[in-house]
Amino acid sequence: MTSSIVLGMTALFQMDMFEGGVIDAAPLHQGADLFLPLLEKWTAMEDYEPVDGLNLAEGLARFGSQDALSAIERRLKQVLGSNDIDLLDSDTAAHVGHALTTLRERQHLLPLSFLERVVVRWSYNVASGAVSMIAAHGTQTALDVLLEIYTGATISLKGAVMDSLETLAGRLGLRDRLTSKGRLWNNCK
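So, a few notes on the structure that sits alongside this text. (Residues numbered from 1 in each chain as written. Predicted model: local features only at pLDDT ≥ 70, side-chain atom pairs only at ≥ 80, totals over all residues. Heavy atoms only, no water.)

Regarding the packing of aromatic side chains
In this description, an aromatic ring pair is defined by two values, namely the gap between the centres and the angle between the planes.
Then comes step 1: One pass over the full model with this rule turns up 0 aromatic pairs.
Then comes step 2: Stacked on the ring of F114, the Lys or Arg K77 has its end atom at 5.7 Å from the ring centre.
Then comes step 3: The ring centre of Y150 lies 4.3 Å from the NZ or CZ of K158, which sits over that ring. (Phe/Tyr/Trp six-rings, centres within 6.5 Å; stacked < 30°, edge-to-face > 60°. Lys NZ or Arg CZ within 6 Å of the ring centre and 35° of its normal.)

Written out as structure tokens, the structure is:
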């Protein structure tokens, strides 16, 4: 029910084919204030499965709640700390990926060490979101972490890491390149 409320208040459905269409982001609906206290109450409850709690917090953040960002971080740590969660399940990965994107877009960046663990443990969709958040830190340390991740990354993840490396290196005034032996180095301009 929460995801339906959030979707209805934050997006527009444009039917462009029979029984189908595109969902586009929209400004927050004027009636959203009526649902905000209810979503805050639901999000504060602790009797959810970790992924369900994460979804609630992420939905509340889409309503603009700053408190929800801390709840997302706490719920993410619960999901990652649970031994009962299938890390390769595509639905779970999608929820975790959305939560990482929400945090990054609102500049609520998770610690680099936590994000490194995410990259190691999760499938491409989540790992690439963590890589983007690492780059969003915008520091030399973040660049060094990305260089380390690149060395051990799967072939599919190397592209995402390289994109983030190039963007971050540009912001830091560095240049990245692959050598003939496939190693990545950074040099000053």
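Considerations on helix 7 (residues 124–136)
Then comes step 1: The end-to-end C-alpha distance of helix 7, which contains 13 residues, comes to 18 Å, matching closely the 18 Å that a straight helix rising 1.5 Å per residue would cover.
Then comes step 2: Those residues of helix 7 not exposed but buried are V126, A127, S128, G129, A130, V131, M133, I134 and A135.
Then comes step 3: Residues of helix 7 that are buried make contact with helix 5 (90–105), helix 6 (112–121), helix 8 (140–152) and helix 9 (155–172).
Then comes step 4: G138 sits one or two positions beyond helix 7 and adopts a positive phi of about 70 degrees. (Helix = DSSP H or I, 4+ residues; strand = E, 2+ residues; numbered from the N terminus. Expected span 1.5 Å × (residues − 1). Buried < 20%, exposed > 50% of the residue type's maximum accessible area, 1.4 Å probe, protein only. Contact = heavy atoms within 4.5 Å.)

Looking at the nonpolar core
Then comes step 1: L76, L100 and I134 are the most contacted members of the largest nonpolar core, which totals 56 residues.
Then comes step 2: Discounting residues that sit within four places of it in the chain, I134 has contacts with L112, L115, E116, V119, A142, V145, L146 and I149. (Core = buried A, V, L, I, M, F, W, Y, C linked by side-chain atoms within 4.5 Å.)

Any functional reading would require information that these geometric values do not contain.
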